[in-house]
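Read off the chains here:
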Amino acid sequence: MTAPPGRRERKKAATRQKIADTALRLFLERGYDAVGIRDVAAEADVAVTTLFSHFASKEALVFERDDDFEQRLTGAVAARAPHQPLIASLRHEVEALVRHCTAQGAAPVWRMIEGSSALREYEESMRLRHAESLAAAIVEDGGLPQSATASRTIARFVIDAYAVAREAADPVAALDEIFAMIEAAWAAASPPDPAP
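1. So, the side chain of Glu93
Next up, step 1: By the secondary structure assignment, Glu93 is in helix H6 (residues 86-101).
Next up, step 2: Using a relative accessible area of 13% as the deciding quantity, one classes Glu93 as buried.
Next up, step 3: Dropping the residues within four chain positions of it, Glu93 is found in contact with Phe69, Arg72, Leu73 and Ala76.

2. Looking at the confidence of the model for the chain
The predicted coordinates of low-pLDDT regions are not to be read in fine detail.
Next up, step 1: Looking at the chain, the pLDDT average stands at 89 and 95% of residues meet or exceed 70.
Next up, step 2: Least confident of the elements in the chain is helix H5 (residues 66-78), whose mean pLDDT is 89; most confident is helix H2 (residues 37-44), at 97.

3. Quick look at helix H1 (residues 7-30)
Next up, step 1: Between the first and last C-alpha of H1 there are 34 Å, a value that for 24 residues agrees with the 34 Å anticipated at 1.5 Å per step.
Next up, step 2: Buried within H1 are the following residues: Ile19, Ala20, Thr22, Ala23, Leu26 and Phe27.

4. Considering the packing of aromatic side chains
Next up, step 1: If you walk through the whole model with that rule in mind, you get three aromatic pairs.
Next up, step 2: For the ring pair Phe27 and Tyr32, a centre distance of 4.9 Å and an interplane angle of 65° mean the geometry is edge-to-face.
Next up, step 3: Given the relative accessible area of 2%, Phe27 is considered buried.
Next up, step 4: Geometrically, the ring pair formed by Phe63 and Tyr122 is stacked, given 5.4 Å between the ring centres and 25° between the ring planes. With Phe63 in the loop between helix H4 (58-62) and H5 and Tyr122 in helix H8 (residues 117-140), this pair connects stretches of sequence that are 59 residues apart.
Next up, step 5: A cation sits over an aromatic face here: Lys58 above Tyr32, 4.2 Å from the ring centre.
Next up, step 6: The residue whose ring lies beneath Arg166 is Trp110, and the NZ or CZ to ring-centre distance is 3.5 Å.

Rules used in this analysis
Residues numbered from 1 in each chain as written. Predicted model: local features only at pLDDT ≥ 70, side-chain atom pairs only at ≥ 80, totals over all residues. Heavy atoms only, no water. Helix = DSSP H or I, 4+ residues; strand = E, 2+ residues; numbered from the N terminus. Buried < 20%, exposed > 50% of the residue type's maximum accessible area, 1.4 Å probe, protein only. Contact = heavy atoms within 4.5 Å. pLDDT = per-residue confidence, 0-100. Expected span 1.5 Å × (residues − 1). Phe/Tyr/Trp six-rings, centres within 6.5 Å; stacked < 30°, edge-to-face > 60°. Lys NZ or Arg CZ within 6 Å of the ring centre and 35° of its normal.

Dropping the structure here:
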């Protein structure tokens, strides 16, 4: 059982959240390009160095749950129950992300991202990084017989699934369709059972 975070960790997490919330509010009020790092730090009442100790870049302020999502995806591989199918476990995590991305109030954030080449590029690099981490987790799982190439391919499909689904009129129906294809691709990549 994991011990609850201590006071220092809670304070650090609260500061990080305050910075992210302040940044998003300012970006939506004034426009992403009109707000600088110093503006965010001043509004959040933190030093610029404090902001950078929590976020590596201005773009990272918009995607503040990036690390959490990556950890949840790799955890869906490594921490799944024995005999729990991999694709079903990944579907569960992607569905949670899609719910987050399509929640009430998320549309202005996605419009802001679509309107900024810097944010679109950051999101694409983030998705590539997530796909590589997910592929590595799949390869490291000794119970999965697929090749490294198949693992990387499926990881890319899974990461791209949320982007396609979040833009669909019915995200859940889109995920049903997408994950049926991913499941079929995963099955096709499985080595045949040895003949008796």
